[in-house]
Every structure is written in C-alpha cells, then in structure tokens.
Protein chains: 2
Amino acid sequence: MEYSIGDFSKLTGLGIHTLRYYEHEGLITPERNSNNRRCYSDKDLTWIEFIKRLKDTGMPIKEIKHYAKLRATGNPTLFERMEMLVQHRQALDEQIARLQDHKLKLNEKIEFYKKEIARVNTRGTG
Amino acid sequence: MEYSIGDFSKLTGLGIHTLRYYEHEGLITPERNSNNRRCYSDKDLTWIEFIKRLKDTGMPIKEIKHYAKLRATGNPTLFERMEMLVQHRQALDEQIARLQDHKLKLNEKIEFYKKEIARVNTRGTG
DNA sequence: ATACAATGTAGAGTAAACTCTATGTCAAGA
DNA sequence: TCTTGACATAGAGTTTACTCTACATTGTAT
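Because the structure is a prediction, the values reported are computed rather than measured.

Engineer: How should the domain arrangement of chain A be read in this particular structure?
Structural biologist: Much of the literature gives interface size as the accessible area that the parts lose upon coming together. All names here are of chain A. Along its sequence, chain A is carved into domain 1 (1–73) and domain 2 (75–126). Inter-centroid distance (C-alpha atoms) of domain 1 to domain 2 is 31 Å. Taken together, the contacts link seven residues of domain 1 with eight residues of domain 2. When its residues are assigned to classes, the side of domain 1 that touches domain 2 shows three nonpolar, three polar and one charged.

Next up, the structure:
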C-alpha cells in the first residue's frame, strides 16, 4: 500500500508537520509521485514505528538521524547499527532500573501520606 | 547542616544556575543569611532529591511547582498531594510497561542484526 | 469554470528546561 | 588596601523537538 501524507499522519499518529520535519531531518525519505506528493509505503510505516520506539526510549533525533543515515547506506553498516542498538539497550536497561527504584520510593512516600492523613484526621476529633 | 549554594550544587549535582532557576520557579525556597546568601538545609536536600525523582520519572516542572505549592501550605493539602502522587505512580507504571515492551522489540531487532551479519559474512566467502 | 481541500516549500514561532552574561556586593587573604 | 572568589539579581541566549504561518499548486466535486 501507498499513503498520502494525510493518511500516513493518521496511521502513525504523527502530525503532518512532524512528518515533514522528520523528512527534513533525514529520518525518513518517502517516494514522490508525478506531482511531487509524498508516497509513504508499508516499509515506511514499519520504519516510523521503530523510530517512535527509539524516541519513546529517549533516543534524541540527532542519534536516530545517524542511525537512519547508516540504514540508508545498507549492508556495510549492519555492524555499526547493531552496536548502536546494543548500546541503546544498555541505556534502556539502566533507565528501567532507575524507574523501578523511583517507583519504590514513590510507594513509600504514598504510604507515608496515608499514615499522615490518618493521623491528622484522628488528632483533635476524639 | 547548612550549605551555601556552591556546596549544595556539588551535593545535589545540580548547577548553581539551575538551583536559582528552581527557586525562581518556586520549587525550593532556602533560607537566607544576614548577607542575603542562600542557606540550604538538610531538609532542602531531601526535598531536592525527591524533586529529582519526580523529574526523572517525567513530571514537568509546572506540576512539581504545583506540588511544591501544596507542600508549602501544609496539612490541609496532604490529601491532594497524595492524590497527585498516586496519579503519578499510575503514569510511572504505564511508562515502565511501555519501556519493557520497547526492550523486547529492541532485543528482536538486535537478534535480527546478528543473523543478518552472519548471513552477509558467509555469502560469497565460502 | 470554479471553488475547495489536500499538498508543497520556506521560514517563523513556541514550549520546556535550562544555561549563560552583565553587573554589582561583600568578606577574607596577600 | 587591593584583589580574588563566591555570591546576588535581572534578563538574554540556547537546545530540542516540534508546530504553525504564508503563500503557491493541484486534483476533484459542482
């Protein structure tokens, strides 16, 4: 299937402006039809979904751009791309560990509030 | 203990400019000495460490500011503060779940690269 | 034929969270 | 006394990632 920028925007949940911005930044390079309109493919869809994951895991546009450039070069960059992803996985693991620690502390804090609220509600009322 | 802004900066890992910015935004309000210098306390330290957790879990400054305001009001806002944290815990749970899903996909991608690299290295060499 | 909606480009504007600069004060050491 | 270093304020500048505006072009329904 091929998609206009409007359709692709709905499909991906990214705004039309954002898609053009991503193209400007070299993250994605859709085909063009005879009228110079962008034609996004299913391959573009898979690719943009992956970009969304990278973004959501905290990879900055600059780095995604570098990855995209390697990707466009083809096979000779397979290893370097894998290395990037391995490094990113490491960062992701650390991020998850940090968040889980934050969650513990947040739970403690909430427990503290529960007790404190109970205490305050009791004091002076009995 | 009391700390100058310089010491507090080293203690927290936040830049001096950032500390002043946080104060300007109402996140923290250290005492002042006779010379108008900021005097951070251990309570400020505990508080800023919590702020750092909120930030690291994606809470925007605006929201932290709101929390700080409630905190400054004291007991009457205990419940509202707890509610905020409960909501934030929910968001955090979702964030962790998303990241874990991303991690799975990233692992698949890395596996794919491993195989692809092996394939490319084999082809034409034997 | 014409109006309208979607698309194109180029470039300006926005929001968040810092980060830095200019300028001034003040206590302490050489 | 002079200088140095840490601190003060006010406000400008930076970075990232969009998001929007202005204006031109084109395919389609009336």
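Engineer: I tried to follow the sheet that holds strand β1 (residues 2–3) of chain A on my own but got confused; where do I start?
Structural biologist: Strand pairing in a sheet relies on backbone hydrogen bonds, with the paired strands running either antiparallel or parallel. All names here are of chain A. The strand order β1-β3-β2 describes an open sheet built from three strands, whose pairing is antiparallel. Pairing within the sheet leaves two strands with one partner each, and these edge strands are β1 and β2 (31–32). Sheet analysis places β2 next to strand β3 (residues 38–41), joined by two bridges and oriented antiparallel. In the sheet register, Glu31 faces β3, and the bridge partner there is Cys39.

Engineer: Could you clarify how one ought to interpret the sheet that holds strand β2 (residues 31–32) of chain B in this entry?
Structural biologist: Pairing is antiparallel across the open sheet formed by three strands, whose spatial order is β1-β3-β2 (chain B). With partners counted over all chains shown, the strands left at the sheet margins are β1 (2–3) and β2 of chain B, one partner each.

Engineer: I would appreciate a short explanation of the relation of the copies chain A and chain B in the present structure.
Structural biologist: In this structure, two copies of a chain are linked by a rotation about an axis accompanied by a shift along it. Structural alignment of chain A on chain B gives an RMSD of 0.1 Å, achieved by rotating through 180° and translating 0.0 Å along the axis. Taken together, these values place the two copies in the relation of a two-fold axis. Looking at the rotation axis and the C-alpha trace of chain A, the residue lying nearest is Ile96 of chain A, at 3.2 Å. Most of the interface of chain A is mirrored in chain B, where 100% of its interface residues again form contacts.

Engineer: Before we go on, may I ask you to explain helix α4 (residues 61–73) of chain A in this structure?
Structural biologist: An α-helix turns once per 3.6 residues; consequently, residues spaced three or four apart project the same way. Residue and element names in this part refer to chain A. The terminal C-alpha atoms of α4, which comprises 13 residues, lie 18 Å apart, in line with the 18 Å expected from a rise of 1.5 Å per residue. Of all the positions in α4, only Ile64, Tyr67 and Ala68 are classed as buried. Taken around the axis of α4, the buried residues stretch over an arc of 100°, which confines them to a single face. In α4, the exposed positions angled more than 90 degrees off the buried face are occupied by Lys62, Lys69 and Thr73. The secondary structure elements touched by the buried residues of α4 are α3 (42–56) and α5 (78–122). Downstream of α4 by a residue or two, Gly74 has a phi angle that is positive, lying close to 95°.

Basis of the calculations
Residues numbered from 1 in each chain as written. Chains lettered and ligands numbered in written order. Predicted model: local features only at pLDDT ≥ 70, side-chain atom pairs only at ≥ 80, totals over all residues. Domains from an automatic or database assignment. Contact = placed C-beta atoms within 7 Å. Nonpolar A, V, L, I, M, F, W, Y, C, P; charged D, E, K, R; others polar. Pairing = 2+ DSSP bridges. Helix = DSSP H or I, 4+ residues; strand = E, 2+ residues; numbered from the N terminus. Least-squares fit on C-alpha atoms with pLDDT ≥ 70 in both. Expected span 1.5 Å × (residues − 1). Buried ≥ 20, exposed ≤ 12 C-beta atoms within 10 Å, placed from the backbone. Arc of directions from axis to C-beta.

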